[in-house]
Amino acid sequence: MEVGVHPGSFEYADPKTVEEAVACLEQDADEDAKVLAGGQSLIPLMKLRFARPGLIVDINRIESLKFLGPHDGGLRIGALTRESELEADPLVLREFPILHDATRVIADPIVRNLATVGGNLAHGDPANDHPAVMVALGASVVISGPGGERSVAVADFFHDLYETELGHSELLTEIRVPEQPPGSGAAYVKFERQAGDFAIVAAAASVTVADGVVADARLVYTNVGSTPVRSPEAERALVGRHLGTAEARAAGVAAAGVIDPGSDLRGSSDYKRRVLIAVTERALRLANARATGAAAA
């Protein structure tokens, strides 16, 4: 008796270059191919037959997608960079600690040893941790396809639940995090039911402080909508102000007043709004401390 816990049949390709991978996707007439990177989302879906691709394009042998390093004051992250590599990198911890904040709360060490940063974004899951963080940092992604490469801001990459800017024959190949302005700090705070779970709500906060007041701010939330959700209302409440505990909380209240996280198994909408206020306050206080060089309260 079939119990539905094994993948259906599929074709398999293991290209060695980006061009070969794009060609495999382009030749998939049924347009039901899936790209395999870390496989931490795809394989469980296939096992339960929630996903039944006719073709798996395994990109793990594409060496050109395995890199992590500085670039023009920012950071270049190859699509096949493992979460554990990002977590352990001293440059990331020193210059972009918000990425360390996010990576260390993704699932568990076993998953992080396999899961990739590119896959986390390409999957288009609003519960994943990197999307909000990359939007807060103003990052972009490089997409390769039959027509060559194109760059897309991460803020424009996510269209809807599991729907992204990626076309059928395209591959996410790189993430580019720009140099942050002087006086900037960023932090990611996640509230979850248990360690390694998806967030009930998480907040990515980035602030630039000049002459003791906030000159610019970005607040982006995880798992409160079908894509990462940014709150201009909360950001405007911060600009031109000294960022203390009261201001951080007021920004959270402003965000909770316009964001509807929806009720689900992780809690009611009202409960999630209360969580949203708390994670906003904590993320802003840590981001401000990083921006000013002060100890986090």
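Residues numbered from 1 in each chain as written. Predicted model: local features only at pLDDT ≥ 70, side-chain atom pairs only at ≥ 80, totals over all residues. Heavy atoms only, no water.

Student: How would you sum up helix 1 (residues 18-26)? Please name residues and give values.
Tutor: Where helix 1 is concerned, the buried positions are Val18, Ala21, Val22 and Leu25. Down the axis of helix 1, the buried side of the element spans an arc of 100 degrees, and every buried residue falls inside it. Along its buried surface, helix 1 packs onto strand 2 (33-36), strand 3 (55-58), strand 6 (140-145) and strand 10 (171-177). (Buried < 20%, exposed > 50% of the residue type's maximum accessible area, 1.4 Å probe, protein only. Helix = DSSP H or I, 4+ residues; strand = E, 2+ residues; numbered from the N terminus. Arc of directions from axis to C-beta. Contact = heavy atoms within 4.5 Å.)

Student: Give a description of the pattern of salt bridges that names residues and reports values.
Tutor: Evaluation of the coordinates by the stated rule reveals 20 salt bridges. Across the pair Glu165 and Arg150 runs a salt bridge whose closest N-O atoms are separated by 2.9 Å. On the criterion of sequence distance, the pair formed by Glu165 in the loop between strand 9 (163-164) and strand 10 and Arg150 in strand 7 (residues 148-153) is long-range, its members being 15 residues apart. Classification of Glu165 by relative accessible area gives partly exposed; the value is 25%. Between Lys272 and Asp264 there is a salt bridge, and its shortest N-O distance comes to 2.8 Å. (Salt bridge = Lys/Arg side-chain N within 4 Å of Asp/Glu carboxyl O.)

Student: How would you explain a nonpolar patch on the surface if you had to name every residue and give the values?
Tutor: Taken together, Leu45, Leu48 and Phe50 make up a surface patch of nonpolar side chains, about 310 Å² in accessible area. Mapped onto the elements of the fold, Phe50 is located in the loop between helix 2 (42-47) and strand 3. (Patch = residues over 30% accessible without salt bridge, like charges linked within 9 Å, V, L, I, M, F, W, Y side chains within 5 Å. Areas by Shrake-Rupley, 256 points an atom, 1.4 Å probe, with all protein chains shown as cover.)

Student: How would you sum up the nonpolar core? Please name residues and give values.
Tutor: Burial of nonpolar side chains together is a common tendency in soluble globular proteins. Ranked by size, the top nonpolar core spans 35 residues in total, and within it Ile77, Leu99, Met134, Val141 and Ile175 carry the most contacts. Once residues within four sequence positions are removed from consideration, Ile77 is found in contact with Phe67, Leu68, Leu86, Leu99, Val117, Met134, Glu174, Ile175 and Val177. In terms of nonpolar packing, the next biggest core, distinct from the first, is built from 30 residues, Ala203, Ala205, Val279 and Ala291 among them. (Core = buried A, V, L, I, M, F, W, Y, C linked by side-chain atoms within 4.5 Å.)

Student: Give a detailed account of the side chain of Ser206, specifying residues and quantitative values.
Tutor: Residue position: Ser206 is located in strand 12 (residues 199-210). Sequence-distant contacts of Ser206, that is, excluding residues within four places in its chain, are made with Ala136, Gln180, Gly185, Ala186, Asp216, Ala217 and Arg218.

Student: Can you explain the environment of Gln40? Please cite residues and give values.
Tutor: Tracing the chain through its elements places Gln40 in the loop between strand 2 and helix 2. When the C-alpha positions of Gln40 and Gly73 are compared, they lie 31 Å apart, and in sequence the two are 33 residues distant. Residues within four places of Gln40 in sequence aside, it is in contact with Val111, Leu114 and Ala115. A distance of 3.1 Å separates the side chain of Gln40 from the backbone oxygen of Gly38, its partner in a polar contact. (Polar contact = N/O pair within 3.5 Å; in protein donor to acceptor, adjacent residues only side chain to side chain.)

Student: Before we move on, can you summarise helix 11 (residues 245-256) with the specific residues and values?
Tutor: Taking 1.5 Å as the rise per residue, helix 11 with twelve residues should run 16 Å; its terminal C-alpha atoms sit 17 Å apart, in good agreement. Along helix 11, the positions that sit buried rather than exposed are Ala248, Ala251, Gly252, Ala255 and Ala256. One face of helix 11 carries all of its buried residues, which in axial projection span an arc of 135 degrees. (Expected span 1.5 Å × (residues − 1).)

Student: Kindly report on the environment of Pro70, identifying the contributing residues and their values.
Tutor: In this fold, Pro70 is placed in strand 4 (residues 68-71). For Pro70, a relative accessible area of 63% gives the class exposed. Ignoring sequence-local partners within four residues, the contact set of Pro70 consists of Leu75 and Leu91.

Student: So what's going on with the sheet that holds strand 11 (residues 184-192)? Which residues, and what values?
Tutor: Here four strands make up an open sheet; going across it, the order is 11-12-13-14 and the pairing antiparallel. Across the chains shown, the open sheet's two edge strands, defined by having one partner strand only, are strand 11 and strand 14 (229-230). The pairing of strand 12 with strand 13 (residues 213-222) spans nine bridges and is antiparallel. Counterpart to Ala205 in the pairing with strand 13 is Leu219. Sitting on the sheet, helix 12 (residues 269-292) is in contact with strand 11, strand 12 and strand 13, with an inclination near 35 degrees to strand 12. (Pairing = 2+ DSSP bridges. Axes fitted to C-alpha atoms, helices over the stretch in contact; angles between N-to-C directions.)

Student: Break down the pairing of strand 5 (residues 74-78) for me, with residues and values.
Tutor: Counting buried positions over the five residues of strand 5 gives four, a clear majority of the element. Counted between consecutive antiparallel strands, the loop separating strand 4 from strand 5 contains two residues, among which Asp72 sits at a positive phi close to 50 degrees.

Student: A description of the environment of Ala187 should follow, citing residues and the corresponding values.
Tutor: Here Ala187 lies in strand 11. Linking Ala187 and Ile98, residues 89 residues apart in sequence, is a C-alpha distance of 4.5 Å.

Student: Talk me through the packing of aromatic side chains; I want residue IDs and the actual numbers.
Tutor: Any aromatic ring pair is given by two values, namely how distant the centres are and how the planes are angled relative to each other. The final tally for this structure, using the stated rule, is one aromatic pair. When the ring of Phe157 is compared with that of Phe158, the centres are 5.1 Å apart and the planes differ by 85 degrees; the resulting orientation is edge-to-face. Judged by relative accessible area, Phe157 falls into the buried class, the value being 0%. For Phe158, a relative accessible area of 11% corresponds to the buried category. (Phe/Tyr/Trp six-rings, centres within 6.5 Å; stacked < 30°, edge-to-face > 60°.)

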